[in-house]
Amino acid sequence: MQDDTDVISAEEHAREDRGSRPVLTPAVTPVVTPVVGRGREVELLVAALEAGAHVVLEGPPGTGKTTLLRSVAEEAELPFVFVEGNAELTPARLVGHFDPAQVLERGYTPATFVDGPLAEALRSGALLYVEEINRIPEETLNVLITVMSEGELHVPRLGRITAHEGFRLVAAMNPFDAVGTARISSAVYDRVCRIAMGYQTAGDETAVVALRGPEVDEQWRSQVVSLVRRTREHPDVHVGSSVRGAIDIVRITTALAARRGREITDWRTGLDAALVALSGRIRLAESGSRSAEDIVRELYTAEFGREPADDADDARDGGDASGGA
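For the structure given in this document, a descriptive report is provided here. Note that the structure is predicted; figures quoted are calculated from it, not measured.

Of all hydrophobic cores here, the largest spans 35 residues; its most connected members are Leu118, Leu128, Ile133, Leu144 and Leu153. When residues of this core are traced back to their parent elements, those giving at least two are strand 2 (80-84), helix 4 (91-95), helix 6 (117-124), strand 5 (127-131), helix 7 (138-150), strand 6 (152-155) and strand 8 (168-173). Counting residues per element, this core draws most heavily on helix 7, which supplies six residues. The next biggest cluster of nonpolar side chains, apart from the first, holds 31 residues, and it includes Leu256, Ala273, Leu278 and Ala292.

Structural data, given as C-alpha cells:
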C-alpha cells in the first residue's frame, strides 16, 4: 500500500496530465474597490497573516469584510479562494471528490480526484476565504478545525494533503444574524484571531457612497448617509441598514428622477427610493407594532423635513409615478 508521500507525489505528476483542476481566483482582479477608512483593520489583518494566524472577521453586513480581504490579497499578490458559507457546504464540496466516471475507468487514484476549494488552497498556499462561516454545518466546520490545528488534510483513498507555505484561513461572520446560523464553538475561536469590524464613521460611509454610486449633490448624499445611520439608532429597529442601503438610495433616486423629469433632490422621489432601499433591510424589534415603511417615512422626514407643499400637490394631482408611496 502506498504511503501518504507517494500518493501526493503521484498527484503532482497527474496534475500536469489532467488539466481539469479548478482554477484559483486570481488575487489581482480588473477592478477592486478601494478600502475606505479601514487602515487599522488592514494593519491588524496583515500582521496576523504574516504571523501565521488564521483570522475571523466579525461584524454586521456592509462593513467591508470581503473588500478588506480582497484588497490585502491583491496588495500582497496572494492567490485567493472564495467559499460561500451555507447549509449546503458539505465536507465533500469543501474538500473535493473523486470523479465517478474516472473512478470507473481508472480506479481511486490521485488523477481521478477533483480538488475542492480547501484542497486547492492547501496545495497552492492561498488565502481561503469562508464567507458566513456560522452558516455552514458542524461536520464541515470540524474539517476546518483539523486543518487549522494540524496544517494538513487527510482524504480517504487519497492520503494526506499538507498545507503549502502561505496557506491561511480567513472567515467572516455576522454575529447579529440568528436566522439560519449556528453558534461558533470555542474550538473554532481557539484556533483563530478575531478582528471586530463595526460600522464606519459618517465621513467614511459618505466616501464609500461617492465611490460606488453616481455623481450627485454632496449635501444630499451626506443626508442620505445620515438617514441610513438613523436606522441603527431607532428604538423600534433591532438591526439597521448597512451603507449598502445608502448606495441603493442614491442609485434608485437617480434613476427615478430621470424617469420623472425631477431633480435628484426631489423630496417625493427620494422618499420612494428610501422605501424601496430600506424597508427590506431593517430588522424590526419583536415588541414593536409598526411597519418598516412607517419607520422609514418617519426617519426620512426627520432627516429631510416634511414634504414641501408643491410636491404634495403634484402627488395628489398624479404628477409623478410614485405608485402611491
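This part is about unusual backbone geometry. Despite not being glycine, Glu132 shows a phi value in the positive range, around 55°. Looking at the secondary structure, you find Glu132 in the loop between strand 5 and helix 7. Classification of Glu132 by relative accessible area gives partly exposed; the value is 24%. Although it is not a glycine, Arg157 adopts a positive phi angle of roughly 70°. Under the relative-accessibility criterion, Arg157 is labelled exposed at 59%.

Tallied over the entire structure, the rule returns six aromatic pairs. Here Trp267 and Tyr300 contribute two aromatic rings whose centre-to-centre distance is 5.2 Å and whose plane-to-plane angle is 80°, an arrangement assigned as edge-to-face. Residue Trp267 is located in helix 12 (residues 267-278), and its partner Tyr300 is located in helix 13 (residues 292-304); the two are separated by 33 residues in the primary sequence. No difference in accessibility class separates Trp267 from Tyr300, as the two residues are buried. In textbook terms, an aromatic cluster arises when at least three aromatic residues are bridged by ring pairs, as seen for Phe80, Phe82 and Tyr129. One cation-aromatic arrangement involves Arg232 over Tyr199; the distance from NZ or CZ to the ring centre is 3.8 Å.

The rules behind these values
Residues numbered from 1 in each chain as written. Predicted model: local features only at pLDDT ≥ 70, side-chain atom pairs only at ≥ 80, totals over all residues. Heavy atoms only, no water. Core = buried A, V, L, I, M, F, W, Y, C linked by side-chain atoms within 4.5 Å. Buried < 20%, exposed > 50% of the residue type's maximum accessible area, 1.4 Å probe, protein only. Helix = DSSP H or I, 4+ residues; strand = E, 2+ residues; numbered from the N terminus. Phe/Tyr/Trp six-rings, centres within 6.5 Å; stacked < 30°, edge-to-face > 60°. Lys NZ or Arg CZ within 6 Å of the ring centre and 35° of its normal.

These results come straight from atomic positions and should not be treated as a statement about function.
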